[in-house]
Amino acid sequence: MGKRKRSRLPGRELYEWVQALVCSVLAVVVLFTFAVRATGVSGSSMRETLRNGDLLLVLNGWLCGDYASGDIVILRKPDFHEGNPIVKRVVAVAGQTVDIDFGDGTVYVDGVELEEPYIREPTFTDEGTVFPLTVPEGSVFVMGDNRNESDDSRNPALGPVDTRSVIGRAFLLALPGAAEETKERDWSRVGMLNRED
């Protein structure tokens, strides 16, 4: 006995295709609403790690758990930089003591000199915060990797940042910005952002 071929209803394939498309769009919307967001880098305060125009994927703050030294975070403080989001690196967390020797450009956390292969140059710029400084509970101390061209926690207007002001942790460089000199994108920079980057 031969097998009977099942006939498909007209329009069934189109319906299934539209259904898959709608489900995919909804999944992306939910993902980018509650878990991940895209954020652009503006300025040179994180150079050489990040460049002006880079596009980052950021894990929303409520999913990050505790922040750690080396994390690249996006934060917003209403009375700092007109409330615009800024990108910085966590240098110290609650309970740790930060000290900076501006003479030789060295940063210390809890008396230990930080190994910072990601910085552009040593930290010579004093923005007015008094050191040593112990980071308050529920806060982080942040600095840009381009230390002498970064407005960060060394500025008393920002100071240690309440973690509720942290939007999230950057985990992926999704799209590289164009280099200022050549106006070309370096696609080899695309990838995961680690604490050592």
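Fair warning: this is a prediction, and the values are worked out from it, not measured in the lab.

K.L.:
Can you walk me through the pairing of strand β4 (residues 86-93) in this structure?
P.N.:
Within β4, seven of the eight residues are buried, leaving the element largely enclosed by the surrounding structure. As paired elements, strand β3 (residues 72-75) and β4 share four bridges and run antiparallel to each other. Among the inter-strand pairings, Leu75 is bridged to a residue of β4, identified as Ile86.

K.L.:
Could you clarify how one ought to interpret the packing of aromatic side chains in this entry?
P.N.:
Aromatic ring pairs are reported here in terms of the distance separating the ring centres and the angle at which the planes meet. A complete count under the given rule lists two aromatic pairs for this structure. Both rings, one in Phe131 and one in Phe141, keep their centres 5.9 Å apart while their planes meet at 75 degrees; by these two values the pair is edge-to-face. Separated by ten residues along the polypeptide, Phe131 in the loop between β7 (112-113) and β8 (133-134) and Phe141 in strand β9 (residues 139-143) bring together distant segments of the chain. Assessed through its relative accessible area of 16%, Phe131 is described here as buried.

K.L.:
Hey, could you run me through the nonpolar core in this one?
P.N.:
Soluble globular proteins: nonpolar side chains tend toward being buried together. Counting 13 residues, the largest nonpolar core has Leu75 and Val142 as the members making the most contacts within it. Secondary-structure elements contributing two or more residues to this core are β3, β4 and β9. Residues in contact with Val142, not counting those within four places in the same chain, are Val73, Leu75, Lys88, Arg89, Val90, Val91, Asp152, Ser153, Leu158 and Val161.

K.L.:
When you look at the sheet that holds strand β6 (residues 106-109) in this model, what are you seeing that I'm missing?
P.N.:
Paired through their backbone hydrogen bonds, the strands of a sheet run either parallel or antiparallel. With respect to topology, four strands assemble into an open sheet ordered β7-β6-β5-β8, the strand pairing being antiparallel. Since the sheet does not close on itself, it has two edges, and those belong to β7 and β8, each with one partner. As paired strands, strand β5 (residues 97-101) and β8 are joined by two bridges and run antiparallel to one another. Among the inter-strand pairings, Val98 is bridged to a residue of β8, identified as Leu133.

K.L.:
What exactly am I supposed to notice about the pattern of salt bridges here?
P.N.:
Should their charged atoms come close, side chains of opposite charge can pair. Applying the stated criterion across every chain, the model contains eight salt bridges. Between Asp145 and Arg89 there is a salt bridge, with its nearest N and O atoms 2.8 Å apart. Note that Asp145 is positioned in the loop between β9 and β10 (161-162) and Arg89 in strand β4, a separation of 56 residues in sequence. The partner of Arg164 in a salt bridge is Asp162, and the shortest N-O contact between them spans 2.7 Å. Judged by its relative accessible area of 26%, Asp162 is partly exposed. Shared partners join several salt bridges into a network, and the residues in it are Arg47, Glu48 and Arg120.

K.L.:
It is not clear to me how unusual backbone geometry should be interpreted in this structure. Could you clarify?
P.N.:
The phi torsion of most residues other than glycine is negative, and most of the peptide bonds are trans. Residue Arg47 is joined to Glu48 through a cis peptide bond whose omega torsion reads 15 degrees. For Glu48, the position within the fold is in the loop between β1 (36-40) and β2 (55-60). For the peptide bond that leads from Phe131 to Pro132, omega is 0 degrees, which places it in the cis range. As for its placement among the helices and strands, Pro132 is situated in the loop between β7 and β8. Backbone geometry places Glu82, a non-glycine residue, at a positive phi of 55 degrees. Summarising the element assignment, Glu82 is placed in the loop between β3 and β4. With a relative accessible area of 74%, Glu82 lands in the exposed category. The phi angle at Asp110 is positive, at roughly 55 degrees, despite the residue not being glycine. Mapping Asp110 onto the fold places it in the loop between β6 and β7. Judged by relative accessible area, which is 47%, Asp110 ranks as partly exposed.

Cut-offs used in this document
- Residues numbered from 1 in each chain as written.
- Predicted model: local features only at pLDDT ≥ 70, side-chain atom pairs only at ≥ 80, totals over all residues.
- Heavy atoms only, no water.
- Buried < 20%, exposed > 50% of the residue type's maximum accessible area, 1.4 Å probe, protein only.
- Helix = DSSP H or I, 4+ residues; strand = E, 2+ residues; numbered from the N terminus.
- Pairing = 2+ DSSP bridges.
- Phe/Tyr/Trp six-rings, centres within 6.5 Å; stacked < 30°, edge-to-face > 60°.
- Core = buried A, V, L, I, M, F, W, Y, C linked by side-chain atoms within 4.5 Å.
- Contact = heavy atoms within 4.5 Å.
- Salt bridge = Lys/Arg side-chain N within 4 Å of Asp/Glu carboxyl O.

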